[in-house]
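So the chains spell out like this:
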Amino acid sequence: MVDGIRVLIVDDSAFARMTIARELKSAGEIEVVDFARNGIEALEKIKQLKPDVVTLDVEMPQMDGLETLKRIMTECPTPTVMLSSLTGNGTDATLKALELGAVDFFLKNTLANPLGSEGAVDNLKNKLLTASRVKTPQHITPAAPAVKSEKPSKKKYSGKPAENIVLIGSSTGGPKALYQIVPGLPEDIPAAVLIVQHMPPGFTNSLAVRLDQLSNIFVKEAEQGELIYEGTAYVAKGGYHMVVAEGGILALTQTAPVCGVRPSVNVTMESVVEYFGGSVLGVVLTGMGIDGTVGAQLIKQAGGRVLVQDEASCVVYGMPKSVVQAGYSDGIIPLTGISMAIMDNLQTHIKGAERERSRVHFTKK
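Residues numbered from 1 in each chain as written. Predicted model: local features only at pLDDT ≥ 70, side-chain atom pairs only at ≥ 80, totals over all residues. Heavy atoms only, no water.

Peer 1: What exactly am I supposed to notice about the overall build of the protein here?
Peer 2: Tallying secondary structure elements over the protein gives eleven helices and 14 strands in all. Within the protein, the fraction of its 365 residues that count as buried is 56%. Here the contacts in the protein between residues at least 6 apart in sequence split such that 73% fall between residues at least 24 apart. Per element, the accessible surface of the protein, about 16100 Å² overall, is 53% carbon and sulfur. (Helix = DSSP H or I, 4+ residues; strand = E, 2+ residues; numbered from the N terminus. Buried < 20%, exposed > 50% of the residue type's maximum accessible area, 1.4 Å probe, protein only. Contact = heavy atoms within 4.5 Å. Areas by Shrake-Rupley, 256 points an atom, 1.4 Å probe, with all protein chains shown as cover.)

Spelled out as C-alpha cells, the structure:
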C-alpha cells in the first residue's frame, strides 16, 4: 500500500485549489504539501518541496500548463497529472501535454458535479497514486517522419477493404506510446489499424487528429457504419465500444463498460476475431489493469499473434504484464521497436497465407 503521497496543486483559481485539496484530503493516502498559483511559483515549489506528484492546470495566465510542463520536465522532472477541461483548447492542450511527458489527465469540472463527485474523487486519487509509482518522466520527441502541418488531413482512404487488422490497445501512458508507434508505420501498410485508448468523450478526436498530423497513414476517429480500409487507423470514440459488425463495418455501442472502461480493448478484440479470425495482430501497450488479456486469448485461439510493450518502456506495466503472465504474448518489444515488429509480423502472416493458398490450389489440381 502506498502511504502519504505528497502532492503539489498548481491552479490559478483559489476555488479550484481549495476544492481539489478538500476532496483529496477526504480520500486519504494523499498529503497536499502546498499550492502554486502559476507556473513560475510551481517551479520554485517543486524544486523546494520535491513532491511525489504535481497536479497542473492546463489553462493558466502568465505561464500556461504546457510551458510549465516543459520546464518541469527539463528542470525538475516530476510525475504530473494535468487538470483539464472539455473546451476545444483544453482537449488539444491536454493531448499535447501527454505528448510532452504528463502521466495522465483529469477533468477537474467533474469534482464540482454532485452526482458524480464521489467517483471523480476516487478516479483522481487513483491517477495520483499511479503517477507516484511511475519512473521519472521525460520529454518525448515523436518518431519520424513527422508532419508538422496543422491543416486538415488530405490523406484519403486506400480504397482497398482490409483483410488484415492490427489492433492496438492502451491506457495510462498510451498516447505517448502511440505518438511513437503510429508515425513509424508506412503508408502502404497491408492492414487497417484499430486503436483503443482508454479516454473519455471529447478527447479521442483530438488524439486522432494529432496522430494523423504526425503519421504517413490516415488516422481518424471511428464513425458508426464505416468500412475498414487498408492504410487507415481508426481511433475508438471515447465513451463507446468500437466493434466490427456484420459486413465488416465499424459499429459504436454504449453497452456496459468492460474491465471498468468504455471503450474496452477486450470488446474490440472479440468482435475483430469473430470477423477476421487469424488475420489479427494484437498489440497491448502501457496501462493499468487487465483489459486486453481476454481479447489476447481469443486472438491466439483464432491463430493470430499478440505483441506487448516491454516493462522498461511502459509508463505503467499493467496491461502488458497481465497478457505475458497469462501466456498469450508472442513478443515483448521495446517501444522503439514496435512499429517494425508490427510490419515484420504482418509480412510473415501474409507470406504464410499465400503459401497456404498455393498449397491448397496445388492439392486441388
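So much for the structure itself; the text now carries on.
Peer 1: Even after reading the chapter, I still don't get the nonpolar core, so can you show me in this structure?
Peer 2: Generally speaking, soluble globular proteins have nonpolar side chains that are buried together. By size, the foremost hydrophobic cluster in this structure holds 58 residues, and its most contacted members are Val 166, Ile 168, Val 193, Ile 195 and Ile 342. Not counting residues up to four positions away in its chain, the partners in contact with Ile 195 are Ile 168, Leu 178, Val 182, Leu 211, Ala 233, Tyr 234, Val 235, Ala 236 and Met 242. Of all hydrophobic cores here, the second largest spans 29 residues; its members include Ala 192, Met 242, Phe 276 and Met 319. (Core = buried A, V, L, I, M, F, W, Y, C linked by side-chain atoms within 4.5 Å.)

Peer 1: I'm lost on the pattern of salt bridges in this one. Help?
Peer 2: When charged atoms on two side chains of opposite charge get close, those side chains can pair. A full pass over the atoms with the stated rule returns 16 salt bridges. Residues Glu 23 and Arg 22 are paired through a salt bridge, measuring 3.6 Å at the closest nitrogen-oxygen approach. Residues Glu 226 and Lys 220 are paired through a salt bridge, measuring 3.0 Å at the closest nitrogen-oxygen approach. Given a relative accessible area of 10%, Lys 220 falls into the buried group. (Salt bridge = Lys/Arg side-chain N within 4 Å of Asp/Glu carboxyl O.)

Peer 1: Whenever I open this one, the packing of aromatic side chains confuses me. Can you help?
Peer 2: The geometry of an aromatic ring pair is captured by two quantities: the separation of the ring centres and the angle between the planes. Scanning all chains against the criterion turns up two aromatic pairs. Centroid distance Phe 105 to Phe 203: 4.5 Å. Interplanar angle 35 degrees. Geometry classified as tilted. Of the two residues, Phe 105 is situated in strand E5 (residues 104–107) and Phe 203 in the loop between strand E7 (192–197) and helix H7 (204–214); the sequence distance between them amounts to 98 residues. Residue classification places Phe 203 among the buried positions, given a relative accessible area of 0%. (Phe/Tyr/Trp six-rings, centres within 6.5 Å; stacked < 30°, edge-to-face > 60°.)

Peer 1: I'm lost on the environment of Gly 303 in this one. Help?
Peer 2: Considering the arrangement of structural elements, one finds Gly 303 in the loop between helix H9 (293–301) and strand E13 (305–309). The exposure class of Gly 303 is exposed, given its relative accessible area of 52%. On a C-alpha basis, the gap between Gly 303 and Ser 279 in space is 7.7 Å, while along the polypeptide they are 24 residues apart.

Peer 1: Teacher, can you tell me more about the sheet that holds strand E9 (residues 232–235) here?
Peer 2: The strands that make up a sheet are held in pairs by hydrogen bonds between backbone atoms, and each pair lies either parallel or antiparallel. Read across the sheet, seven strands follow the order E8-E9-E7-E6-E12-E13-E14 without closing on themselves; strand pairing throughout is parallel. Lying at the two open borders of the sheet, with one neighbouring strand each, are strand E8 (218–221) and strand E14 (331–333). In this sheet, neighbouring strand axes are inclined to one another by 20 degrees on average, regardless of whether the strands run parallel or antiparallel. Judged from the three bridges that link them, E13 and E14 form a sheet pairing that is parallel. In the strand pairing of E14, Leu 307 is matched with Gly 331. Strands in contact with H7 are E7, E8 and E9; relative to E8, the strand with the most contacts, it is inclined by about 175 degrees. Where helix H8 (residues 265–276) meets the sheet, it contacts strand E6 (165–170), E7 and strand E12 (280–284), and its direction lies at approximately 170 degrees from that of E6. (Pairing = 2+ DSSP bridges. Axes fitted to C-alpha atoms, helices over the stretch in contact; angles between N-to-C directions.)

Peer 1: Can you help me understand the pairing of strand E2 (residues 30–36) in this one?
Peer 2: The pairing of strand E1 (residues 5–10) with E2 spans six bridges and is parallel. Bridge pairing links Ile 9 to Phe 35 in E2. Handedness of the E1-helix H1 (residues 14–27)-E2 crossover: right-handed. (Right-handed = clockwise from strand over helix to strand, strands pointing away.)

Peer 1: Is there a simple way to explain the confidence of the model for the protein in this structure?
Peer 2: When pLDDT is averaged across the protein, the result is 89; 88% of the residues are at 70 or more. Under a pLDDT of 50 for its full length, residues 139–151 has, in the predicted model, 26 contacts with residues more than four places off or in other chains. (pLDDT = per-residue confidence, 0-100.)

Peer 1: Any chance you could explain the side chain of Lys 125 here in plain terms?
Peer 2: Inspection of the secondary structure assignment puts Lys 125 in helix H5 (residues 117–133). Residue class for Lys 125 comes out buried when judged on its relative accessible area of 14%. Those residues within four positions of Lys 125 in sequence are excluded, and the remaining contacts are Ala 27, Gly 28, Glu 29 and Ile 30.

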